[in-house]
Amino acid sequence: MTCDDEQAKEEKGRSPDECTGEQIRKCHGEVQHPCTTSYKDKGLKPGRESCVEAEGTPERATHLPEWFVPVAEDVFNYCRPDQGLWVDLGSGSGGLGLALARGSCSTVVFVDSSAKALSDALENAKQSGLAGRARAVAGRAESLPLASGSVNLVTSRGSIFFWNDPPRGLREVYRILRPGARALVGGGFGSSYPEWALEEFRRRRDKHIRAQGRKALHDWYEVRRPEWLAAQAQAAGLGEFLVKPVPPGFWLLVEKGTG
Ligand SMILES: C[S@@+](CC[C@H](N)C(=O)[O-])C[C@H]1O[C@@H](n2cnc3c(N)ncnc32)[C@H](O)[C@@H]1O
């Protein structure tokens, strides 16, 4: 499949003929973590001190590195999506969808139950120069307003834990996939996210949840387990699926059969 998106061509300055679906990363270069790029530019090794030095911010710990690019890298690796229409479900303000759009020629559709999240996502797309390849659709996972077999990729990060009916949402994800296309649903930071930043994130998150009481902490962890995610996929009746741990996160990888 070739990428015939003229705007993407202009953004990337490459011939669309180079943009074959199986060669997204080759075609557009490695998707770089901005922080990692800084390390490399300055000849530094990844690590907390290097990051402080690279960015020149002694209060580095208040600004943890952005995680959507590492997650997008994992999406490309696990899903190998064809170019076309990609959906980020429960997109929030568009972080993952935009990282995916930046590393491809595809059009990303943000789907979220919150109108505010969608308007933030579109504004962020505009700010990033990606408005031409970003769309927003209001809807719930449990009843996706998209045609069956119409999309080349579905991602969903940090959202399934809030769905009213996760198995029903997963059936909908499967329904909208084109035959042979994959979905990655779950939560995490990406396998290249720096360990020190993960630790710091966990520390802050636990402090925040603990402040809401023991039950909140229990409930939070109850659904954020690979076993919970596998149980939702089973309840959805998805024949074949894989739960991939990418500590401290985990993802459900589903491929729609071609038969
Ligand atoms: C924790 S945020 C995650 C946002 C973004 N994916 C990220 O990684 O930062 C969860 C998002 O899921 C959305 N959401 C919750 N339940 C939903 C549902 N049933 N269908 C669609 N979106 C939903 C919320 O509005 C919110 O934007």
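Placed above this text is the structure.
Quick look at the structure, then. (Residues numbered from 1 in each chain as written. Predicted model: local features only at pLDDT ≥ 70, side-chain atom pairs only at ≥ 80, totals over all residues.)

Remarks on helix α11 (residues 226-236)
An α-helix turns once per 3.6 residues; consequently, residues spaced three or four apart project the same way.
Here comes step 1: Those residues of α11 lying buried are Leu 229, Gln 232, Ala 233 and Ala 236. Taken around the axis of α11, the buried residues stretch over an arc of 95°, which confines them to a single face. Opposite the buried face of α11, by more than 90 degrees, sit the exposed residues Glu 227 and Gln 234.
Here comes step 2: In this structure, the buried residues of α11 make contact with α8 (166-176), β5 (177-187), β6 (241-246) and β7 (249-255).
Here comes step 3: In the segment just after α11, Gly 237 is the residue with positive phi, at about 80°. (Buried ≥ 20, exposed ≤ 12 C-beta atoms within 10 Å, placed from the backbone. Helix = DSSP H or I, 4+ residues; strand = E, 2+ residues; numbered from the N terminus. Arc of directions from axis to C-beta. Contact = placed C-beta atoms within 7 Å.)

Observations concerning the nonpolar core
Here comes step 1: In this structure, Val 87, Val 151, Val 154 and Val 173 are the most contacted members of the largest nonpolar core, which totals 53 residues.
Here comes step 2: Ranked by residues supplied to this core, first place goes to helix α5 (residues 68-79) with six residues.
Here comes step 3: If near-sequence neighbours (up to four positions away) are discounted, Val 154 is found in contact with Val 87, Leu 89, Val 173, Ile 176, Leu 177 and Ala 183. (Core = buried A, V, L, I, M, F, W, Y, C linked by C-beta atoms within 7 Å.)

So, the site of the ligand
Here comes step 1: The local shell around the ligand holds 17 residues, among which Gly 90, Gly 92, Ser 114, Arg 157 and Ser 159 are the closest.
Here comes step 2: Classifying every residue of the shell around the ligand gives five nonpolar, eight polar and four charged. (Near = placed C-beta within 6 Å. Nonpolar A, V, L, I, M, F, W, Y, C, P; charged D, E, K, R; others polar.)

Details of the sheet that holds β7
As a general point, the strands of a sheet are linked pairwise by backbone hydrogen bonds and lie either parallel or antiparallel.
Here comes step 1: Strand order across the open sheet formed by seven strands is β3-β2-β1-β4-β5-β7-β6, with mixed pairing between neighbours. A strand with exactly one partner marks an edge of an open sheet, and here the two such strands are β3 (134-138) and β6. With direction set aside, neighbouring strand axes in the sheet form an average angle of 20°.
Here comes step 2: In this structure, strand β1 (residues 85-89) lies alongside strand β2 (residues 107-112), joined through five bridges in parallel fashion. Within β2, the position partnered with Leu 89 by the bridge is Val 111.
Here comes step 3: Sheet strands touched by α5: β4 (151-157), β5, β6 and β7. Its angle to β5, the strand with the most contacts, is close to 145°.
Here comes step 4: Along the sheet face, α11 touches β5, β6 and β7 and points at about 160° away from the line of β6. (Pairing = 2+ DSSP bridges. Axes fitted to C-alpha atoms, helices over the stretch in contact; angles between N-to-C directions.)

Details of the pairing of β1
Here comes step 1: Judged by how many residues are buried, β1 sits mostly within the fold: five of five residues are covered.
Here comes step 2: Traced from β1 through helix α6 (residues 95-102) to β2, the parallel crossover comes out right-handed.
Here comes step 3: Summarising the sheet, β1 and β4 pair through three bridges and their orientation is parallel. Its bridge partner being in β4, Asp 88 is matched across the sheet by Thr 155. (Right-handed = clockwise from strand over helix to strand, strands pointing away.)

Some details on the environment of Ala 72
Here comes step 1: If you trace the backbone, Ala 72 turns up in helix α5.
Here comes step 2: A C-alpha to C-alpha distance of 6.5 Å links Ala 72 and Leu 96, two positions 24 residues apart in sequence.

Points about α8
Here comes step 1: Buried within α8 we find Pro 166, Gly 169, Leu 170, Glu 172, Val 173, Tyr 174 and Ile 176.
Here comes step 2: The secondary structure elements touched by the buried residues of α8 are β1, β4, β5, α11 and β7.

Looking at the pairing of β2
Here comes step 1: Counting buried residues along β2, six of its six residues qualify, which places the element largely inside the surrounding structure.
Here comes step 2: Pairing between β2 and β3: five bridges, direction parallel. The residue bridging Phe 110 from the neighbouring strand is Ala 136, located in β3.
Here comes step 3: As a crossover connection, the stretch from β2 through helix α7 (residues 115-127) into β3 is right-handed.

Quick notes on unusual backbone geometry
Here comes step 1: Of note, Arg 80 is a non-glycine position whose phi angle comes to about 40°, a positive value.
Here comes step 2: Looking at where Arg 80 falls in the secondary structure, it is placed in the loop between α5 and β1.
Here comes step 3: Judged by C-beta crowding, with 15 C-beta atoms within 10 Å, Arg 80 ranks as partly exposed.

Remarks on the packing of α8 against α11
A pair of packed helices can be characterised by two numbers: the angle between their axes and the separation between those axes.
Here comes step 1: Look at α8 against α11: their axes get within 8 Å of each other, and the N-to-C directions meet at 65°. Between α8 and α11, the angle is such that the two are roughly perpendicular. In this structure, the crossing between α8 and α11 has a hand that is right-handed. On α11, the residues touching Pro 166, Pro 167, Leu 170 and Arg 171 of α8 are Gln 232, Ala 233, Ala 235 and Ala 236.
Here comes step 2: Partitioning the contact of α8 with α11 into residue classes produces six nonpolar, one polar and one charged. (Parallel < 35°, antiparallel > 145°, perpendicular 65-115°, else oblique. Left-handed = near helix turned anticlockwise from the far one by under 90°.)

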